[in-house]
Amino acid sequence: MLQIACPHCGPRDENEFSCGGEAHIARPKQPDAISDAEWADYLFMRTNPKGALAERWCHTVGCRRWFNVERDTVTHTILRVYAMGAPRGGGGGA
Amino acid sequence: MKRQRQRLDVGARIDRGQRLAFRFNGKSYEGFSGDTLASALVANGVRLVGRSFKFHRPRGIYSAGMEEPNALVQLGTGAASEPNLRATQVELFDGLEAASVNCWPSVNFDIWSLNDRVSSMLPAGFYYKTFMWPTGLWMRYERAIRAMAGMGRTAREADPDRYDQTNAHCDVLIAGGGPAGLMAALAAGRAGARVILADEQNEFGGRLLSEPEDGETIGGRLAVDWVADARAELAGMAEVRLLPRTTVFGYYDHNFIGLIERVTDHLGGAAPEHLPRQRMWRVRARQVVLATGAIERPLIFAENDRPGIMLAGAARAYLNRYGVQPGEKVLVFTNNDDAYRTALDLNAAGIVVPAVVDLRADPQGSLPARAREAGIEILAGHGVVGTKGRLRVTEARVAPVSDGAVAGPARTISCDAIAMSGGWNPAVHLFSQGQGKLRFEEARGVFLPGNTIQANRSAGACNGAFPLAVCLAEGTEVGALAAADAGFGAPVLALPETKEAEEAPMEVVWQVPSDRPPGKARAFVDFQNDVTTKDVKLAAREGYRSVEHFKRYTTTGMGTDQGKTSNINGVAILASALGEAIPAVGTTTFRPPYTPVSFGAFAGRELHEFYAPIRRTPIHAWHESHGAVFEDVGQWKRPRYYPRAGEGMHAAVRREAIAARSGIGILDASTLGKIDIQGADAAELLNRVYTNAWSKLEVGRCRYGLMLGEDGMVMDDGVTARLAEDHFLMSTTTGNAARVLAWLEEWTQTEWPDMKVHMASATEQWATVSISGPKARNLLAELTGDFDLSPDAFPFMSFREGIVAGVSARVFRISFTGELSFEVNVAARHGLAVWTACMTAGEKYGITPFGTEAMHLLRAEKGFIIVGQDTDGTVTPADLGMDWIVSKKKPDFLGKRSLSRADTLRSGRKRLVGLFTEDPKTVLDEGAQIVAEPRDRPPMKMIGHVTSSYFSPTLDRSIALALIEDGPDRMGQTLHASMPGRTVPVRVTEPVFFDPDGERMRG
Ligand SMILES: [Zn+2]
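Residues numbered from 1 in each chain as written. Chains lettered and ligands numbered in written order. Predicted model: local features only at pLDDT ≥ 70, side-chain atom pairs only at ≥ 80, totals over all residues.

Peer 1: It is not clear to me how the overall build of chain A should be interpreted in this structure. Could you clarify?
Peer 2: Per the secondary structure count, chain A includes one helix and six strands. The secondary structure elements of chain A, listed N-terminal to C-terminal, are β-β-β-α-β-β-β. Its C-alpha atoms give chain A principal-axis dimensions of about 40 × 30 × 20 Å. When contacts within chain A are restricted to residue pairs at least 6 apart in sequence, those whose partners lie at least 24 apart make up 54%. (Helix = DSSP H or I, 4+ residues; strand = E, 2+ residues; numbered from the N terminus. Contact = placed C-beta atoms within 7 Å.)

This is the structure:
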């Protein structure tokens, strides 16, 4: 069970959180203006890297706030916790 | 029979003053306090304890610990009976009852041992090769194989025992309380760290407990006395928690550790009532110290599985720790110096050691020297090449071996036990579970802890450090380092002195040669699953190169012992057959649990009414006292129907539905999700999450909304009311309330953080009494004078606030039944009073409470969907014929773009229609598959399925909703529904069966 440092509540067990999948996938501003393929890319395609991955997590049974977590998918080491909307910054991957 | 005829008169860590009576396979025996079931059986001369899984060969006690592959027992009888426990770990208590798990009708005469005679027909992969074709029959074969190969029985009754769960945090968790673990605990404890020290045995000390009375000393004290001192010091430290009888079974991410504490298992009937049987600990540790010791590696030789053949360390433990003779004439067979300790101790106890058979050509260490001095014959450069004896070993054939081959004639040595050792395998299981990488050391043929990614350190035998002095030194070092990393300064700790004899190098031998023709004499690698060296080689020949495939094909390590004694040997023999190095073949993945953990411990107290939270509405007590039959909807208990005396469900539902159509029905709708949404951008939020437009909804009006996922599929629906310009009350389906709230929060926090809007659940704060039927207005008029109820003043899809039945209420004129309906919302605490007031005032109208079943029927007559019943996450608004609610004008809303994807626009999608059976009395099964042509042979094309199906008393016939490919294009067509044993012809119709223009609910 991961231990995740909620930016608002501090370190808590993983089962207090829910994972919202890969972060930094912006919703297209004008969905009608893009092709089916581009929309499908937003909807379905994820990078699934072996290594650093930026994810969105929500402290569901705590403060209910969303934030970003950079996690190593091999070791499950949490590399960084940062605010929703903040840029990803360093690290590999997309 | 002499009682405990193999018991020694003095010494050992048992209490001869406390006699314990027990039964094994129906016979009565006696043991002492301090015994395990296994040691007590050895004391009573019981050699045969079980049968192997596949060939049902007789098997005896093989080890003295958790690695035991043979001595598996069913403990206890009745509801608390537990299968597959290792007799070597079961502490003896008075009144214990146990039986072998894998033999029928008895351990001495086992009918399935016939398998052994035909063993050449049961090679590796036999089950797969023989039974996997034709595929349909595997299920039938499997049942017979399971019965034959049965591994104990689970109790049929509910487990009467209680299990606790607890959470803990610590600075340093230490797994294993042998010399290394104790030193680590002393180091970390003296530094002031919060320490948990867990050991699976009943007392700390590990291998020191198996030292003889005149054995090793630590700091000038006898080893066991040093252990007692250390334990006493640790017990006196406020921040140290000692957990004996506790197995560290799982090493998970971020130093999350699972422990299972056997609290009262060793007490039997004397267990105090207030204590749980077992307690599961979930520990988050800053630092972990692994001091899990080592497991002795068997030598693999021909006919190595007869009862009486055991690990040398186990023989020593039985002798020194439990005071029992493992045999009267014990042959020792080894490739290393450590087994000489067993030979020396046996010899000193007066047990005949006919020889030490040593695979090494010239053993010259100090331990062999001491054996020679004691007069024990050493057969250097020899191996055991075969054995004899049916229910126990009676002789060994010993021959010179060199370069992996028999190098001379064999001679026969009579013996009733063979104590053998192939070296020691560090117990790297937990390290590996925690994602540590293993490295292979050629010299000793061992896998050792390599790089770790978690905050842990290994010390002692599990780290490959076998000498006692090194164990103590490593324990001290890692204990101090762990404490330091957790923020605690240097401990005050001097390393105690030891005088252990130094060992000469071992010689790695994975397989002892035999002079018997191949195929005649089997050498077993995995005892529990009867895997022989021949099976391993066969797997290699058949192309199994991956160790994970090899394991599953041969079933090596797949038993309840998880291959503790067999995996490394299996891998080594596979590597040799493949001509590869052992590290290239690698080990199988170590997975939790380290040893089996009872399901009861995982469940803990979360059973029955504690399994999940139960939510009851404020009106629940009334439903209960009026005989409601409840159903679970999410976590809610909802009345399903209210049967009168002698009434079944169908009659009750019919009566309730007719009342709602002709008089007044009353429904407790408190469980519907309610979300309060406020803020300047509240309307805009609704615009984005619903398919229709909300900006122009007037205050005081309600609107139905359909919510889609971004994939365009229907996710939820419900009515939302505008309470004020910037204030809405959204209702959701009962089961989806939490999900919809989370959905709104997710979008407003992640994608639209600038929106000025807030939302909160209001489900629990309100009770909702829904009255429905032609007389609903008359009833409401009697309960309120606050607002005009005329259709013009209070039209359909609007709401009013005022006093109803004496309390403040929000009344919504909305309808799920298709009748004139009012939903009266009051503060939860007034719910029961308002319901009761409605019942009293409604009596003259024949007011009838109705449950979810009648509600579902009434809405189905109207063709109103239930999300999750008529939809399944693959259904768009168009599929439901609900394009009318999808705004064409709004530039965007969640899921909009997906509605124009090629896949959502294509023809051939399943779409909602109604179905009439040809016979109006036939009610279709929900979920029934629909086909166009019933005469086709399977596999035939399924074109849809029934989603809702009822008998409608209003129409006096059955009705059904169904999702069918291009359903609306098939109006009037006859299709066929598959029902058990028959097909039922059905006619496709519109999905609205009653009052299609909605005159009744708008009236
Ligand atoms: Zn939080």
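Peer 1: I'm lost on the overall build of chain B in this one. Help?
Peer 2: Helices and strands together make up the secondary structure of chain B, namely 25 helices and 50 strands. Over its C-alpha atoms, taken along the principal directions, chain B stretches across nearly 115 × 70 × 55 Å. Per-residue burial over chain B gives 52% buried out of 1003 residues. Relative to all contacts within chain B whose residues are 6 or more apart in sequence, the contacts with residues 24 or more apart total 67%. (Buried ≥ 20, exposed ≤ 12 C-beta atoms within 10 Å, placed from the backbone.)

Peer 1: Looking at this structure, how should I read the nonpolar core?
Peer 2: Where a protein is soluble and globular, its nonpolar side chains tend to be buried together. Residue and element names in this part refer to chain B. Core analysis: the biggest nonpolar cluster contains 101 residues, and Leu37, Leu41, Val73, Val332, Ala343, Ile418 and Ala419 have the highest contact counts within it. Composition of this core by domain shows at least three residues from each of domain 1 (15-117) and domain 3 (298-422 + 503-522). Residues contacting Ala343, with those up to four places away along its chain left out, are Val332, Val353, Val356, Ala371 and Ile376. The next biggest cluster of nonpolar side chains, apart from the first, holds 97 residues, and it includes Phe799, Leu820, Leu894 and Leu912. (Core = buried A, V, L, I, M, F, W, Y, C linked by C-beta atoms within 7 Å. Domains from an automatic or database assignment.)

Peer 1: How do you make sense of the domain arrangement of chain B when you look at a structure like this?
Peer 2: Frequently, the measure chosen for interface size is the accessible area removed from exposure when the parts meet. Domain boundaries assigned for chain B yield domain 1 (15-117), domain 2 (164-294 + 426-485), domain 3 (298-422 + 503-522), domain 4 (673-761), domain 5 (775-842) and domain 6 (907-1002). Placing a centre on the C-alpha atoms of domain 1 of chain B and another on those of domain 6 of chain B gives a separation of 61 Å.

Peer 1: Honestly, the packing of helix H7 (residues 312-320) of chain B against helix H8 (residues 338-348) of chain B in this entry has me stumped. Any pointers?
Peer 2: Helices that pack against each other are described as a pair by the angle of their axes relative to one another and the distance between those axes. Residues and elements named next belong to chain B. Across the interface, H7 lies against H8 with an axial gap of 9 Å and an inter-helix angle of 35°. Judged by the twist between their axes, the crossing of H7 over H8 is left-handed. Residue-level inspection shows Ala312, Ala315, Arg316, Leu319 and Asn320 of H7 in contact with H8, the latter providing Ala339, Arg341, Thr342, Asp345 and Leu346. (Axes fitted to C-alpha atoms, helices over the stretch in contact; angles between N-to-C directions. Left-handed = near helix turned anticlockwise from the far one by under 90°.)

Peer 1: Teacher, can you tell me more about the interface of chain B and chain A here?
Peer 2: Contacts between chain B and chain A engage 21 residues on the former and 20 residues on the latter. No other element matches helix H20 (residues 737-751) of chain B, which puts five residues into the side of chain B that touches chain A. A class-by-class count of the residues in the side of chain B that touches chain A yields five nonpolar, five polar and 11 charged. (Nonpolar A, V, L, I, M, F, W, Y, C, P; charged D, E, K, R; others polar.)

Peer 1: Would you mind going over unusual backbone geometry with me for this structure?
Peer 2: Glycine aside, residues mostly have negative phi angles, and peptide bonds mostly take the trans form. All names here are of chain B. Going from Pro592 to Pro593, the amide bond is cis rather than trans, its omega being -5°. Residue placement: Pro593 occurs in the loop between helix H15 (582-585) and helix H16 (599-603). A positive phi angle, close to 55°, is found at Asp530, a residue other than glycine. With respect to the element layout, Asp530 can be found in the loop between strand E30 (524-526) and strand E31 (531-532).

Peer 1: What is the right way to read the packing of helix H18 (residues 649-662) of chain B against helix H23 (residues 852-862) of chain B from this model?
Peer 2: Residues and elements named next belong to chain B. Look at H18 against H23: their axes get within 9 Å of each other, and the N-to-C directions meet at 60°. It follows that H18 is oblique to H23 by the angle criterion. Of the two elements, H18 crosses H23, and the hand of that crossing is right-handed. Every residue of H23 that contacts H18 at Met649, Val653, Glu656, Ala657 and Ala660 is listed here: Glu853, Ala854, Leu857 and Leu858. A breakdown of the residues in the contact of H18 with H23 according to their chemical character gives seven nonpolar, no polar and two charged. (Parallel < 35°, antiparallel > 145°, perpendicular 65-115°, else oblique.)

Peer 1: Looking at this structure, I do not really get the environment of B:Trp281. What am I missing?
Peer 2: All names here are of chain B. For Trp281, the position within the fold is in strand E15 (residues 278-290). When the C-alpha positions of Trp281 and Thr852 are compared, they lie 42 Å apart, and in sequence the two are 571 residues distant. Excluding residues within four positions of it along the chain, Trp281 makes contact with Thr166, Ala168, Leu259 and Glu261.

Peer 1: I keep staring at the sheet that holds strand E6 (residues 78-83) of chain A and nothing clicks. Help me out?
Peer 2: Consider a sheet: its strands pair through backbone hydrogen bonds, and that pairing is either parallel or antiparallel. Reading across from one edge, E3-E4-E5-E6 (chain A) is the order of the four strands in this open sheet, with antiparallel pairing throughout. The open sheet has two free edges, formed respectively by strand E3 (18-22) and E6 of chain A, since each of these has just one partner strand. Neighbouring strand axes in the sheet, compared pairwise and without regard to direction, differ in orientation by 30° on average. Note that E3(A) and strand E4 (residues 52-58) of chain A share three bridges and pair antiparallel. Residue A:Glu22 lies in a different strand from E4(A), and its bridge partner there is A:Glu55. Set on the sheet, H20(B) makes contact with E3, E4 and strand E5 (66-72) of chain A; between it and E5(A) the angle comes to about 80°. (Pairing = 2+ DSSP bridges.)

Peer 1: Help me out: how do you make sense of the sheet that holds strand E45 (residues 910-917) of chain B in this one?
Peer 2: Residues and elements named next belong to chain B. Taken in spatial order, the six strands line up as E45-E48-E47-E46-E49-E50 and close into a barrel, and their pairing is antiparallel. Across this sheet, the average inter-strand angle for adjacent strands is 45°, counted without regard to direction. Note that strand E46 (residues 929-931) and strand E49 (residues 974-979) share two bridges and pair antiparallel. Within E49, the position partnered with Val931 by the bridge is His976. The strands that H23 touches are strand E47 (944-952) and strand E48 (957-965); relative to E47, the one it contacts most, it runs at about 110°.

Peer 1: Just checking my understanding: could you explain the confidence of the model for chain B for this structure?
Peer 2: It should be kept in mind that the predicted coordinates are not to be read in detail where pLDDT is low. On average, residues of chain B carry a pLDDT of 93, and 95% of them reach 70 or more. Model confidence for the complex: the whole-complex pTM is 0.91, and ipTM, which rates the interface, is 0.95. (pLDDT = per-residue confidence, 0-100.)

Peer 1: In this structure, what is going on with helix H14 (residues 567-578) of chain B? I would like to understand it.
Peer 2: The periodicity of an α-helix, 3.6 residues per turn, causes residues three or four positions apart to be oriented the same way. Residues and elements named next belong to chain B. Helix length check: H14, at 12 residues, gives a terminal C-alpha distance of 16 Å against a target of 16 Å (1.5 Å per residue), a fit within 8%. When you tally the buried positions in H14, you get nine out of 12 residues, the bulk of the element. Taken together, the buried positions of H14 are occupied by Asn567, Ile568, Asn569, Gly570, Val571, Ala572, Ile573, Leu574 and Ala575. Along its buried surface, H14 packs onto strand E26 (424-426), E30, E31, helix H12 (533-541), helix H13 (547-554) and H15. Gly579 sits one or two residues past H14 and shows a positive phi near 70°. (Expected span 1.5 Å × (residues − 1).)

Peer 1: Got a minute to help me understand the environment of B:Gln287 in this structure?
Peer 2: Take B:Gln287: it is sitting in strand E15. Sequence separation between B:Gln287 and B:Ala484 is 197 residues; the distance between their C-alpha atoms is 9.7 Å.

Peer 1: Looking at this structure, how should I read helix H19 (residues 682-689) of chain B?
Peer 2: All names here are of chain B. Most of H19 is tucked away, with six of its eight residues classed as buried. Taken residue by residue, H19 has Ala682, Ala683, Leu685, Leu686, Arg688 and Val689 as its buried positions. Of the surrounding elements, those touching the buried residues of H19 are strand E35 (673-678), strand E36 (702-708), strand E37 (714-724), strand E38 (727-732) and H20.

Peer 1: Just checking my understanding: could you explain the environment of B:Asp35 for this structure?
Peer 2: Residues and elements named next belong to chain B. Assignment of secondary structure puts Asp35 in the loop between strand E2 (27-33) and helix H1 (37-43). Here Asp35 falls in the buried class, since 31 other C-beta atoms lie within 10 Å of it. In the structure, Asp35 is positioned 274 residues away from Ile309 in sequence and 20 Å away in space, judged by C-alpha atoms. Every residue in contact with Asp35, bar those within four places of it in the chain, is listed here: Ile14, Ala40, Leu92 and Tyr322.

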